Protein chains: 2
Amino acid sequence: MSTTELIALDHFPLVKPGDDLCALILESAKKNNLSLHNGDVIVLAQKIVSKAENRYVDLKTITPSPAAIELAQKANKDPRAMEVLLGEAKEIIKTRTNVVIVEHNNGYVHANAGIDHSNIQQEDGKELLLLLPKDPDASATILRNRIKENTGIDINVIINDSFGRAFRNGVCGVCIGSAGVEVIDNKIGHQDLFGNILQITEIAIADEIAAAASLVMGQADEGRPVVVVRGLNLKTSDKGSNALLRKKEHDLFRQ
Amino acid sequence: MSTTELIALDHFPLVKPGDDLCALILESAKKNNLSLHNGDVIVLAQKIVSKAENRYVDLKTITPSPAAIELAQKANKDPRAMEVLLGEAKEIIKTRTNVVIVEHNNGYVHANAGIDHSNIQQEDGKELLLLLPKDPDASATILRNRIKENTGIDINVIINDSFGRAFRNGVCGVCIGSAGVEVIDNKIGHQDLFGNILQITEIAIADEIAAAASLVMGQADEGRPVVVVRGLNLKTSDKGSNALLRKKEHDLFRQ
């Protein structure tokens, strides 16, 4: 048998703006008696990356534009939150009561531009939202390099978030940023077991890893936002996560 | 730290029509020196369930209807294959060259009704396709019950397949049938770390498990179609996998 492990770090500290995620991860791994290995994939919940990068916005500082007010009326949402959302989005794709689906500036199609209210420590007199990291591939690369510098170990990094999907209920972990992992495993042209040539199999490996890690992170509980995936035999790439995003002109559901 | 394991059974035999999957799994587990535990999730690739249930269709026996001929012209596909597809589908959702997206009779929205040409042993004089299991929840339940009868152990079962997605490239493992697992983990009304009430978090746990298993099954290689997921603390349900399917009237991308 072949075993792949999803190892969640217990008792990970709450992350604050300016925190050094590399230092926190290495310290937490030590407390958990976990040594990192070459080829490990460290999956980080988006929220801790956003918090370390201080991607908070205080709604009390926001003045909604006419476009935000109009969108808020359509979606029955706070106009100030819609102003923040418009700043994060390239395009509004669908709107109805309580739902705004957008293309994020980084290219993901998802609800509410990934902006979150939950698991945020509110401060007196503020109404804080948390945006996605500005450039998650860059965040992942910095962490990968810093772990290499500090330990000599080559790890891969995936930043995950939970997205809703078309056609299916429930959210599922997906990759929004990566370093080291080839995010799509292209089997086109390979032979199957019986020697037939595979025509169309491109596997979204990084999304499957993101989903697997999400299983053990939990959702409401921010206590396990770092998961080490060990035992996969992955192709490597320095191209980040962009290949996961289908271009608008190729997407049947945007036409 | 907390570890969840994805354990792939090596050297699983090729599955033939009429094979007893319970017997094959118990025998393979024994050869792999793996004892099943209460609470394990056994994830099966759809293909071995379809093969055991003899869901083969020989294209040479199919006469296409006018509707199938018309669909084949639109999609640039074999009219006989489109006749088979129409038998498996409730509704054609999108068609363009080489792509037909349907709602399957079982409710999944996906390409080509899950009908597959790859990893199928062709027989002389036949052109075989393989359909999805007729009722994957029932297939999962039978296996779960038989393992209980034979071993006394309570396991859960998920049957997975790889689906393409709207907005993202690459296929990803999803659950098409289940027994024992509560497929959606509903956190609505729970408190987050800071005491805020969660509004909308329903997690597609069974799809995340299906994706995790898919990572270690591989795709072109049918040699590891059975994966045991061990260490998750799951809610149980006898309702099968239907809750994963968003009803047409609730889906923004079908309106």
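Scroll up for the structure.
So, here is what we can say about the structure in this document. (Residues numbered from 1 in each chain as written. Chains lettered and ligands numbered in written order. Predicted model: local features only at pLDDT ≥ 70, side-chain atom pairs only at ≥ 80, totals over all residues. Heavy atoms only, no water.)

So, the overall build of chain A
Counting its secondary structure elements, chain A contains six helices and 13 strands. At 19 Å, chain A has a C-alpha radius of gyration in line with the 18 Å of a compact globule built from 255 residues. Seen through its principal axes, chain A has C-alpha atoms that stretch 55 × 50 × 30 Å. Burial statistics for chain A: of 255 residues in total, 54% are counted as buried. Taking contacts inside chain A between residues at least 6 apart in sequence as the whole, the part at least 24 apart equals 60%. Here chain A has roughly 11000 Å² of accessible surface; of this, 47% comes from carbon and sulfur atoms. Side chains of chain A give 29 positive and 34 negative charges; the mean places of these two sets differ by 2 Å. (Helix = DSSP H or I, 4+ residues; strand = E, 2+ residues; numbered from the N terminus. Rg over C-alpha atoms; globule rule 2.2 N^0.38 Å. Buried < 20%, exposed > 50% of the residue type's maximum accessible area, 1.4 Å probe, protein only. Contact = heavy atoms within 4.5 Å. Areas by Shrake-Rupley, 256 points an atom, 1.4 Å probe, with all protein chains shown as cover. Lys, Arg positive; Asp, Glu negative; His and termini not counted. Charge placed at Lys NZ, Arg CZ, Asp CG, Glu CD.)

Points about the pattern of salt bridges
All names here are of chain B. The full count for this structure, using the stated rule, is 34 salt bridges over all chains. Between Asp154 and Lys148 there is a salt bridge; the shortest N-O distance is 3.3 Å. Residue Lys148 is classed as partly exposed on the basis of its relative accessible area, which comes to 36%. The closest approach of N and O atoms between Asp185 and Lys235, which form a salt bridge, is 2.5 Å. On the criterion of sequence distance, the pair formed by Asp185 in strand β10 (residues 185-186) and Lys235 in the loop between β12 (226-230) and β13 (236-237) is long-range, its members being 50 residues apart. Among the residues examined, Lys235 registers a relative accessible area of 38% and is labelled partly exposed. (Salt bridge = Lys/Arg side-chain N within 4 Å of Asp/Glu carboxyl O.)

Things to note about helix α3 (residues 66-75) of chain A
The α-helix advances 3.6 residues per turn, and as a result positions three or four apart in sequence lie on the same side. All names here are of chain A. Within the sequence span of α3, burial applies to Ala68, Leu71, Ala72 and Ala75. Buried residues of α3 fall within an arc of 105 degrees about the axis and therefore sit on the same side. Facing away from the buried side of α3, by more than 90 degrees, are the exposed residues Pro66, Gln73 and Lys74. Residue Asn76 follows α3 closely and has a positive phi angle near 55 degrees. (Arc of directions from axis to C-beta.)

Thoughts on the interface of chain B and chain A
With 75 residues of chain B at the interface, the matching set in chain A holds 75 residues. For the pair chain B and chain A, the summed buried surface comes to about 6600 Å²; carbon and sulfur atoms form 58% of the total. Linking chain B to chain A there are four salt bridges. Remark: the boundary between chain B and chain A carries 46 residue pairs in polar contact (both at pLDDT 80 or more). No other element matches helix α6 (residues 205-217) of chain B, which puts nine residues into the side of chain B that touches chain A. A breakdown of the residues in the side of chain B that touches chain A according to their chemical character gives 37 nonpolar, 20 polar and 18 charged. Relative to strand β1 (residues 2-8) of chain B, strand β1 (residues 2-8) of chain A is paired through seven bridges, and the arrangement is antiparallel. Within β1 of chain B, the residue paired with Thr4 of chain A across the bridge is Leu6 of chain B. (Buried area = accessible area lost by both parts, 1.4 Å probe. Polar contact = N/O pair within 3.5 Å; in protein donor to acceptor, adjacent residues only side chain to side chain. Nonpolar A, V, L, I, M, F, W, Y, C, P; charged D, E, K, R; others polar. Pairing = 2+ DSSP bridges.)

Side note on the relation of the copies chain B and chain A
When chain B is brought onto chain A, the operation consists of a screw motion whose angular component is 180 degrees and whose axial shift is 0.0 Å, with 0.0 Å RMSD remaining. This pairing of chains is accounted for by a two-fold axis. Both copies share a contact surface, since 100% of the interface residues of chain B are interface residues in chain A too. (Least-squares fit on C-alpha atoms with pLDDT ≥ 70 in both.)

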